[in-house]
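Commentary on secondary and tertiary structure
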Amino acid sequence: MTSLSATGTPQRQRNFRLGRYQGVLVALGVFIVLLLINDWMSAGPMSYFEVSSLSTGGAPLAIAATGQTLVILTGGFDLSAGAVISLVNVVVATNMPDTPGGILLWSLLGIGVGMATGAFNGFFIAFFRLQPIVVTLSTMFIVQGLTLLVLDKPGGMVPMGLSNALALDAVPELIPMALVLLGIMVLLWLWLKSTRLGTAIYAIGSDLEAARARGISTRLVQFIVYVLAGGCYGFAGVFVSAQTGAGDPLVGNSMLLQIFGAVVVGGTRLGGGRGGVVGSIIGAYILMIIVNILLVLNVSAYYSTVVEGCILILAVLAGAISRDSRAAKHLRAGYVRFQAWRKGMLPRQVNRAAQRLVLPGIEAKPNKTPQPSFLVRNAEAIRYALPAYVCFLIVLVVTELTVGRALGNWGYYNSILVLSSFLLILALGQGTVILTGGLDLSVPWTIALSGILLAGIVNGQNGPLVYALPLVLAIGCLVGLANGIGIAIFGISPIVMTLAMNGILQGLALLYSQGTPAGFSAPLMRWFMTDKAGVVTPVVVFIILFVIAAVLLHRRTPFGRRVYGLGNGEKVAALSGINVDRTILAVYALSGFCAALVGCMLTGFSGQASLGMGDEYMLPSIAVVVVGGTLITGGRGSYLGMVGGVLLLTALQTLLAGTTLPYATRVIIFGLVVLAAVIALREKNH
């Protein structure tokens, strides 16, 4: 609504402006309520020691969430945040001297490492117009590899001077240093909002094309945002180092889910254009207080990722509540459908014969137009899939020249197919999701949970396999179905939904196994995956049949046509008669099924299950799809191309394994290969 000022100029009323701060005000209210609950459970108000511990403990998350907020405000995502924190931590722990000048210098260098990583992300996202998800995911693995090269296990030492500077009091017994630093960050944010850069950040997040039309240098702004975000991650890594006093190459991995949770709980809208740093800082401390409450209730720490995942999902749902939200539209459509059912007006309730329009005097004639050849019909698919197969042949030749016994050795090909079997199955699930324009980040812990469940149920016996295997595969389908419901029905972003689900599954796996998976694979599964008595390993026959079935599923079934139709645009697909929601549910259920099947196969291959056994398949499951010529935004690609990507990366991995290169280097190469493939195969208009 508007009102007229004394000059007759329309003015917006104040309540409209207050709506802009709804998210941060709600977050502040929740924070206060949780503080009161925490005080009540602690039988008294918080002491200064508790305030200091809480503010210091939550500072790294709040600082990292600040960087992620800047990225999300522009409509992007940054999955490399946790990896950057780990890298800065190990760099500081292995290099910082115990002198005031050295501490200051290496703290600034830590922030610089983060900014350099952000510049790497921003360069490809802003100037190459690549998708933030795939760029930052590739960067995440590259940075993780660099981290392991610096320090492959916990160690190193951080000088006490850094802890004294960051983790103690600014004013003894009155103000913790963490609150001072966060206060400075808030002031810097308020200043940034008032600048042209701050205005541009919100404009880009609201409508990129409109911002570009208004003359905003969108590419430069996006680049600067990723650099600033990287600097925040670097500062968070320095602060973590001050807290822990040592280096840990995995210290930031668990923070990624928390970072997104803090941003969303703080009221920043995924997709950009609304929110701010203040809310994200409050969101970080909301998560910290919830963890404190769980500790007071003596709840197992294994529940932490489950709680964080659920909070992230609920926060997204709460922030998306509106009349125009996807969930509201489904409720209205369901009500209309229910009313139609009561009146007997649904199509299946009306018994009508099929009718065709026949024009008088015109008889239908058979179509005698010659069909184009196979090469013409599949020219585009061949164009994008062929490079993977050509590179695969090149790797085979290099393997023959360097290692030998490759080209003419059936045992080599058998081993390649066995090792490829896991990615060939994942490629169907993840590839189908990507063809619709989505992404499934819940693959790692779907694999791990499935393997742990199967090993625990069968416990080295063949008999229980009859019901255990279908049960585990059904659980995988249910996991995928839950992802699909969140995405299709409630409108949650695929990245957020599957990332949250991955955290929930991690907690469930820890709870089920109590941190130590028990049981062994059934001998039959072990035989299926590793027997070499015959000409081929049994799984090779299975995987050949699987590939044939997958190709037919994509190319010869209505489901496959619906997948490609959905990938070319959800609105267009709906207008074409495709049931969008049902297709999304089926696609994610398929991905969950494939991940569960891989978990069962990995358990048979190794003889037992382990925590984190699916972590190393996160990037490869996406890499083989992209390297095989599939467009990361959906609508273009083929399963045969993905097969080429699988064969290429498996052969490359086998070649690298025959060298003295460490695992960390192989991870870096994987990340670079994915990034190079995305650059080479991106659409020209990007």
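Residues numbered from 1 in each chain as written. Predicted model: local features only at pLDDT ≥ 70, side-chain atom pairs only at ≥ 80, totals over all residues. Heavy atoms only, no water.

**Some words on the confidence of the model for the protein chain**
Taken residue by residue, the protein chain gives an average pLDDT of 86. The fraction at 70 or more is 91%. This stretch, residues 1–16, has a pLDDT under 50; its non-local contacts, to residues over four places away or in other chains, come to 11 contacts. (pLDDT = per-residue confidence, 0-100. Contact = heavy atoms within 4.5 Å.)

**Overview of the pattern of salt bridges**
The tally for this structure, following the rule as stated, stands at one salt bridge. Between E209 and R212 there is a salt bridge, with the nearest N and O atoms lying 2.8 Å from each other. In this pair, E209 and R212 both sit in helix α10 (residues 208–213), three residues apart, roughly one turn of the helix. Looking at E209, the relative accessible area reads 52%, which means it is exposed. The exposure class of R212 is partly exposed, given its relative accessible area of 32%. (Salt bridge = Lys/Arg side-chain N within 4 Å of Asp/Glu carboxyl O. Helix = DSSP H or I, 4+ residues; strand = E, 2+ residues; numbered from the N terminus. Buried < 20%, exposed > 50% of the residue type's maximum accessible area, 1.4 Å probe, protein only.)

**As for the packing of aromatic side chains**
Using the criterion set out here, one finds 13 aromatic pairs in the structure. Relative to Y202, the ring of W189 has its centre 6.3 Å away and its plane inclined at 45°; by these criteria the two rings are tilted. Placement of the pair is W189 in helix α8 (residues 177–193) and Y202 in helix α9 (residues 196–206), with a sequence separation of 13 residues. Residues F422 and Y617 carry aromatic rings whose centres are separated by 6.3 Å and whose planes lie at 65° to one another, so their mutual orientation is edge-to-face. Taken together, the residues span a long stretch of sequence, with F422 in helix α18 (residues 410–435) and Y617 in the loop between α26 (580–606) and α27 (618–627) at a distance of 195 residues. Pair check on accessibility: F422 and Y617 agree, each one buried. (Phe/Tyr/Trp six-rings, centres within 6.5 Å; stacked < 30°, edge-to-face > 60°.)

**Remarks on the environment of R666**
Position of R666 among the secondary structure elements: in helix α29 (residues 663–681). If sequence neighbours within four positions are ignored, R666 has contacts with L656, A657 and L661.

**Let's talk about the side chain of S638**
Along the chain, S638 turns up in the loop between α27 and α28 (639–657). Its relative accessible area of 8% is what places S638 among the buried residues. Beyond its immediate sequence surroundings of up to four residues, S638 is in contact with A381, A385, Y564 and T630.

**Comments concerning helix α21 (residues 494–513)**
Look at α21: 28 Å from first C-alpha to last across 20 residues, which is about the 28 Å you get at 1.5 Å a residue. Taken across its 20 residues, α21 has 16 buried, putting it largely inside the fold. A positive phi of about 55° marks Q514, the residue just after α21. (Expected span 1.5 Å × (residues − 1).)

**A closer look at a positive patch on the surface**
Taken together, the side chains of R337, R561, R562 and R582 make up a positively charged region of the molecular surface. Here R337 lies in helix α15 (residues 326–342). (Patch = residues over 30% accessible without salt bridge, like charges linked within 9 Å, V, L, I, M, F, W, Y side chains within 5 Å. Areas by Shrake-Rupley, 256 points an atom, 1.4 Å probe, with all protein chains shown as cover. Lys, Arg positive; Asp, Glu negative; His and termini not counted. Charge placed at Lys NZ, Arg CZ, Asp CG, Glu CD.)

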